[in-house]
Amino acid sequence: MPETPTETTSETLPDYLRPGLDIVLIGLNPSAYSVRMGHYFANPRNRFWAALSASGLVGREVGPEDDATLLELGIGLTDLVKRATPQASGLNAADYRRDAPRLKARIVNASPTIACFHGLTAYRAYLRYAENTPNAGSIDLGRQDFCIGNSRVFVLPNPSPANARYSLDDLTGWYRKLGEWREELKGG
């Protein structure tokens, strides 16, 4: 059983980014709860860690306290908007206008093989505010015909407990597909 994260007083979560990563996982924004705990996806009802662990993408069981150590496995973490809110509905257009171009710069600088958005909402907001594509049209989950710098783009369902449309098994399957694409791109 993972340990309970200790509380911190940070206003947001740090980026876990560096050049040479296979995947950077991009959330919409950190929850206020996750910021209080000091770890990504810390809400015990969020299915991110369970799906990631079950998918085989990281090869072991992981939890919120492992967020920084994912770098050792070639996986980074960041958010489209760095401002924490209790719910995503607390975000506004000014947040996206300010932070989406900053995310683009971070991704171009780190140049991961895959930039992976958690949710269509995050990806659409990125396209609108960082790529000046206000009407992206129909977007499906999975591989995208778009790159951010040299990074390919993949979109997963958002693992938030508010997104009940996808079961834990569904989410796990999407993380498996992400892992398969990573291996394909690496030539394995």
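In this report, we go over the structure that sits alongside the text. (Residues numbered from 1 in each chain as written. Predicted model: local features only at pLDDT ≥ 70, side-chain atom pairs only at ≥ 80, totals over all residues. Heavy atoms only, no water.)

### Remarks on the overall build of the chain
Each helix and strand counted, the chain has five helices and five strands in total. Starting at the N terminus, the α and β elements of the chain follow one another as β-α-α-β-α-β-α-β-β-α. For 188 residues, the compact-globule estimate of 2.2 N^0.38 gives 16 Å, and the chain sits close to it at 15 Å. Dimensions of the chain, computed from C-alpha atoms along their principal axes, come out at roughly 40 × 40 × 35 Å. Residues counted as buried form 49% of the 188 residues belonging to the chain. Long-range contacts, defined as pairs at least 24 residues apart, comprise 70% of the intrachain contacts of the chain with a sequence gap of at least 6. Here the chain displays about 9,100 Å² of accessible surface, and carbon together with sulfur accounts for 47% of that area. The average position of the 21 basic charges and that of the 21 acidic charges among the side chains of the chain differ by 6 Å. (Helix = DSSP H or I, 4+ residues; strand = E, 2+ residues; numbered from the N terminus. Rg over C-alpha atoms; globule rule 2.2 N^0.38 Å. Buried < 20%, exposed > 50% of the residue type's maximum accessible area, 1.4 Å probe, protein only. Contact = heavy atoms within 4.5 Å. Areas by Shrake-Rupley, 256 points an atom, 1.4 Å probe, with all protein chains shown as cover. Lys, Arg positive; Asp, Glu negative; His and termini not counted. Charge placed at Lys NZ, Arg CZ, Asp CG, Glu CD.)

### Thoughts on the packing of helix H3 (residues 93-110) against helix H4 (residues 120-130)
Packing of H3 against H4 brings their axes to within 8 Å, and their N-to-C directions diverge by 85°. Put simply, H3 runs roughly perpendicular to H4. In contact with Ala93, Tyr96, Arg97, Ala100, Pro101, Leu103 and Lys104 of H3, H4 contributes Ala125, Tyr126, Tyr129 and Ala130. A breakdown of the residues in the contact of H3 with H4 according to their chemical character gives nine nonpolar, no polar and two charged. (Axes fitted to C-alpha atoms, helices over the stretch in contact; angles between N-to-C directions. Parallel < 35°, antiparallel > 145°, perpendicular 65-115°, else oblique. Nonpolar A, V, L, I, M, F, W, Y, C, P; charged D, E, K, R; others polar.)

### Considering the pairing of strand E5 (residues 151-156)
Burial runs high along E5: five of the six residues are buried. The pairing of strand E3 (residues 114-118) with E5 spans five bridges and is parallel. Its bridge partner being in E5, Ala115 is matched across the sheet by Val153. As defined by bridge partners, strand E4 (residues 142-148) adjoins E5 across four bridges and the pair is classed as antiparallel. (Pairing = 2+ DSSP bridges.)

### Section: the nonpolar core
Among the nonpolar cores identified, the biggest contains 52 residues, and Leu25, Leu52, Leu80, Phe117 and Leu178 are the most heavily contacted of them. The element that contributes the greatest number of residues to this core is H4, accounting for six residues. In this view, Leu25 contacts Phe48, Ile75, Gly76, Leu77, Thr78, Cys116, His118, Leu156 and Leu178; residues no more than four positions away in its chain are not counted. (Core = buried A, V, L, I, M, F, W, Y, C linked by side-chain atoms within 4.5 Å.)

### A short note on helix H5 (residues 168-185)
With 18 residues, H5 ought to run about 26 Å at 1.5 Å a step, and its terminal C-alpha atoms sit 26 Å apart, in line with that. Every buried residue of H5 is accounted for by Leu171, Thr172, Trp174, Tyr175, Leu178, Gly179, Trp181 and Arg182. In this structure, the buried residues of H5 make contact with strand E1 (23-27), helix H2 (48-55), strand E2 (75-79), E3, E4 and E5. Downstream of H5 by one or two residues, Gly187 has phi in the positive range, about 85°. (Expected span 1.5 Å × (residues − 1).)

### Re the environment of Arg18
Among the secondary structure elements, Arg18 is positioned in the segment before E1. The sequence separation of Arg18 and Ile107 amounts to 89 residues, and the corresponding C-alpha distance is 9.4 Å. Setting aside anything within four residues of it in sequence, one finds Arg18 in contact with Leu71 and Ala110. At a separation of 2.8 Å, a polar atom in the side chain of Arg18 contacts the main-chain carbonyl oxygen of Leu71. (Polar contact = N/O pair within 3.5 Å; in protein donor to acceptor, adjacent residues only side chain to side chain.)

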